[in-house]
Amino acid sequence: MTAFDVVVVGAGMIGSSAALSLAERGASVALVGPDEPADKQTAEGPFASHYDEGRITRILDPDPLWAAWAEESIARYAEIEAQSGISFHTGCGSIRVAPAGADSLAAARATAPQGLVLEEIDGAELRRRCPATGLPDDFVVLWEPGPAGHVNPRRMVAALRTAAERSGAALVRQTTVSISASGDGATVTLSGGETLHAGRVLVAVGPHALNPQLLPVRPDLKPYGRTVVQFEVAADDTAFAGLPSFIASFDTTDPNYSFYGVPPVPYPGGGLWLKSGLGGLGDLLDGPDGVRDWFHNGGSAAEAEAVRTATLNLFPGLKDARWRTEPCALVETDTDRPFIGRVPGTPAIGIALGCNGYAAKSCIAVGRVAADMIREDSWETGMDAEPVRPRWRA
C-alpha cells in the first residue's frame with residue numbers, strides 16, 4: 001500500500017488543479033484518474049467534462065464569486081503553460097449579445113468587476129468586425145477584451161497534470177473502485193487492485209460522486225446531460241476571422257436563456273469547427289448509470305436542433321454547413337456554487353463537486369480553494385467555507 005498526504009480522486013479540471021496547488025505547497029499527492037476513453041459509445045466510464053477543444057473563458061459573470069475565481073484562474077494561464085510546455089489559452093475576447101433593453105445586459109453591466117473595461121457596440125459594428133455575424137443593428141454587444149477568449153480543455157487538463165507532476169505529484173492513470181475511511185485517514189482502491197492510503201482524500205469526480213462506493217453520504221448534486229453542436233468552417237473562410245467567444249440571447253425578458261459558443265478551432269479528425277450549446281438545462285441524469293448511458297447514446301436530437309436554430313440566428317451563413325453533435329455533462333447545485341467541504345462524520349474525505357458549467361474558466365481557483373479545504377482543519381469554520389458549503393441528501 002502506497003501512502004500519501006492527499007489522494008485526489010478525479011483527474012479532470014478541478015482535481016488536476018487541486019493536485020497542482022497541493023503539490024506546489026509541498027504535500028505528497030497522488031492524482032488518480034483514467035485517460036479519456038478511445039470510444040465513448042462503448043466505454044463504461046467514468047466520463048469527464050473536458051473532452052472538448054473549446055470552452056469560453058471570461059471574467060464577466062453575474063456572480064461576483066465566479067468572476068473573482070475566473071480572474072484568479074486566468075492570471076495563472078501563462079505560468080502553467082510555461083511550466084508544462086503545453087499551450088491551451090487563446091485570448092481573443094468574449095462578447096455578450098442581446099437586444100437593446102434585455103435584462104441580461106443590465107445584469108452584466110451591474111455586476112462587472114471593478115476595473116474590467118467593457119466595450120459596448122451595436123449589431124452593425126459587430127458585423128463589420130466579424131462578417132460571419134448577422135445581428136440586427138439595434139442589438140447590443142458587450143465586448144470583454146483578452147485575456148477573455150477560450151481554452152482548450154483537453155490541453156488545459158494535460159497542462160495541469162504535467163505541472164502537478166513536475167511539482168512532485170504522482171499521476172495514477174486508473175479508475176477508483178472505492179474509498180473507505182480508516183483510523184488514520186482513508187484508503188482508495190483502484191481498478192487494477194492496488195490500494196493507496198492517505199491522511200486525506202479529495203473527491204472531484206463530478207456526477208460520479210453519486211456512486212455509493214465512493215462517498216458514504218450522497219451530496220445533493222443534479223447531473224445534467226447536455227448536447228453541443230459543431231459546425232464545420234472552411235479554413236479560408238475569412239468571415240470568421242477575429243470572432244470572439246460568445247454568449248447570445250434573443251429574448252428581452254429572460255436573462256437565463258441564451259446560447260454560447262467558441263469560434264472555429266481544430267478538432268481531432270481534421271477541420272475547423274465552431275461549437276455552440278444552449279445555456280438552459282438539459283436532461284437530468286440518473287446517477288452514474290445515467291451518465292454512462294447519456295454518453296453511449298450521443299445526446300439529445302431535440303436539443304441539438306434547438307442549438308442549431310439558435311446558432312443560425314447569429315451566423316446565418318452556417319445554414320448549409322456540415323454539422324455534428326457531441327454529448328456533454330455537467331453538475332448543477334441549488335446554490336449555483338460548487339460544493340467544497342468535508343463529508344459528514346468522515347473528516348478524512350472531502351469533496352469538490354458541482355461547478356455548474358463554470359469549471360473551464362475557474363478551475364484553477366476552485367482547485368486552490370479545494371486544496372485549502374482538504375489541508376486545513378479550521379477551514380470549514382472560516383468565511384471562505386460558507387458560500388460553498390455542501391448540501392447532502394437525506
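Below you will find a few notes about this structure. Everything numeric here is computed off the predicted structure, so don't read it as measured data.

**Quick word on the overall build of the protein chain**
Argument step 1. Scanning the protein chain from N- to C-terminus turns up nine helices and 20 strands.
Argument step 2. At 21 Å, the protein chain has a C-alpha radius of gyration in line with the 21 Å of a compact globule built from 394 residues.
Argument step 3. Referenced to the eigenvectors of the C-alpha coordinate spread, the extents of the protein chain come out at roughly 65 × 45 × 45 Å.
Argument step 4. For the protein chain, with 394 residues in total, the buried portion stands at 56%.
Argument step 5. Partitioning the contacts of the protein chain with sequence separation of at least 6, the portion at a separation of at least 24 is 73%.
Argument step 6. In the structure as shown, the protein chain presents an accessible area of about 15600 Å², 50% of it carried by carbon and sulfur atoms.
Argument step 7. Looking at the protein chain, you have 33 positive and 48 negative side-chain charges, and the mean spots of the two groups are 2 Å apart.

**A word on the sheet that holds strand 8 (residues 149-151)**
Argument step 1. One open sheet accounts for three strands, arranged 3-8-4; its pairing is antiparallel. Each end of this open sheet is capped by a strand with a single partner; those strands are strand 3 (55-57) and strand 4 (89-90).
Argument step 2. Looking at chain direction, strand 3 and strand 8 are connected through three bridges and run antiparallel. Directly across from I56, in strand 8, lies its bridge partner H150.

**What to know about empty space enclosed by the protein**
Argument step 1. Considering all chains together, one arrives at one cavity of 30 Å³ or more under this definition.
Argument step 2. Estimated volume of the largest cavity: approximately 50 Å³.
Argument step 3. Taken together, R58, L60, S94, I95, R96, E144 and I247 form the lining of the largest cavity.
Argument step 4. Ranked by residues supplied to the lining of the largest cavity, first place goes to strand 5 (residues 94-99) with three residues.

**What about the pattern of salt bridges?**
Argument step 1. Applying the stated rule across the entire model yields 30 salt bridges.
Argument step 2. Notably, a salt bridge pairs R173 with D35, separated by 2.6 Å at the nearest N-O pair. In this pair, R173 sits in the loop between strand 9 (170-172) and strand 10 (176-182) while D35 sits in the loop between strand 2 (29-32) and strand 3, placing the two residues 138 residues apart along the sequence.
Argument step 3. On the accessibility criterion, R173 (46% relative accessible area) is partly exposed.
Argument step 4. Across the pair R393 and D220 runs a salt bridge, and its minimum N-O distance is 3.6 Å. In this pair, R393 sits in the segment after helix 9 (359-375) while D220 sits in the loop between strand 12 (195-203) and strand 13 (222-233), placing the two residues 173 residues apart along the sequence.
Argument step 5. Relative accessible area serves as the criterion here: at 30%, R393 is assigned to the partly exposed category.
Argument step 6. In the salt-bridge network here, residues are joined through shared partners; they are R25, E72, R368 and D372.

**Brief notes about the packing of aromatic side chains**
Argument step 1. Under the criterion given, the structure shown has eight aromatic pairs.
Argument step 2. Ring geometry for W66 versus W69: centroids 5.1 Å apart, planes at 85 degrees, classification edge-to-face. With W66 and W69 both in helix 2 (residues 64-74) and three residues apart, the pair spans about one turn of that helix. Of the two residues examined, W66 and W69, each falls in the buried class.
Argument step 3. Ring centres of Y77 and F88 lie 5.3 Å apart, and the angle between their planes is 75 degrees; this geometry places the pair in the edge-to-face category. Of this pair, Y77 sits in helix 3 (residues 77-84) while F88 sits in the loop between helix 3 and strand 4; the two residues are 11 residues apart in sequence, bridging distant segments of the chain.

**Things to note about helix 1 (residues 13-24)**
Argument step 1. Taking 1.5 Å of rise per residue, 12 residues should cover 16 Å, and helix 1 covers 17 Å from first to last C-alpha, within 8% of that figure.
Argument step 2. Just past helix 1, the residue G26 takes up positive phi, approximately 90 degrees.

**A look at the state of the cysteines**
Argument step 1. Evaluation of the coordinates by the stated rule reveals zero disulfides.
Argument step 2. Of the cysteine sulfurs around C130, a residue in no disulfide, the closest is that of C92, at 9.4 Å.
Argument step 3. No disulfide involves C328; its sulfur sits 13 Å from the nearest other cysteine sulfur, which is in C355.
Argument step 4. By relative accessible area, C328 is classed as buried at 17%.

Procedures and definitions
Once a new chain begins, its residue numbering starts again from 1 and follows that chain's sequence as written. Reporting of local features is limited, given that this is a predicted model, to residues whose pLDDT is at least 70; pairs of side-chain atoms are given and counted only at 80 or more, and all residues count toward the totals for whole chains, interfaces and linings. Note that water and hydrogens are dropped before the side-chain values are worked out from all heavy atoms of the structure. Each helix is a run of H or I in the DSSP string that is no shorter than four residues. Each strand is a run of E no shorter than two, and both are numbered from the N terminus. Using C-alpha atoms as the atom set, the radius of gyration is obtained and then compared with a globule rule of 2.2 Å times the number of residues to the power 0.38. To sort residues, take the accessible area from a 1.4 Å probe on protein chains only and compare it with the maximum for the residue type: under 20% means buried, over 50% means exposed, and anything in between is partly exposed. Should any heavy atoms of two residues lie within 4.5 Å, those residues are counted as being in contact. All accessibility values rest on the Shrake-Rupley procedure with a 1.4 Å probe; residue burial counts only the protein chains present in the view. Positive charges come from Lys and Arg alone, negative charges from Asp and Glu alone, with His and the N- and C-terminal ends not counted. By convention, the point assigned to a charge is CZ for Arg, NZ for Lys, CD for Glu and CG for Asp. What makes two strands pair is DSSP finding at least two bridges between them. Grid spacing is 1 Å over the protein atoms alone, the probe is 1.4 Å, and a cavity is where that probe fits but cannot get out, while a pocket is an open set with protein on both sides within 12 Å along at least five of seven lines and lining residues have an atom within 4 Å of a point. Grid points are joined across faces, edges and corners, and a volume is the space filled by probe spheres set on the points. For this document, the term salt bridge refers to a Lys or Arg side-chain nitrogen within 4 Å of an Asp or Glu carboxyl oxygen. In summary, the pairing rule links any two rings of Phe, Tyr or Trp, Trp by its six-membered ring, whose centres are within 6.5 Å, and it sorts them by plane angle into stacked for under 30 degrees, edge-to-face for over 60 and tilted for everything else. In a helix, the anticipated span is given by 1.5 Å times the number of residues less one. For this text, the term disulfide refers to a pair of cysteine sulfurs within 2.5 Å.

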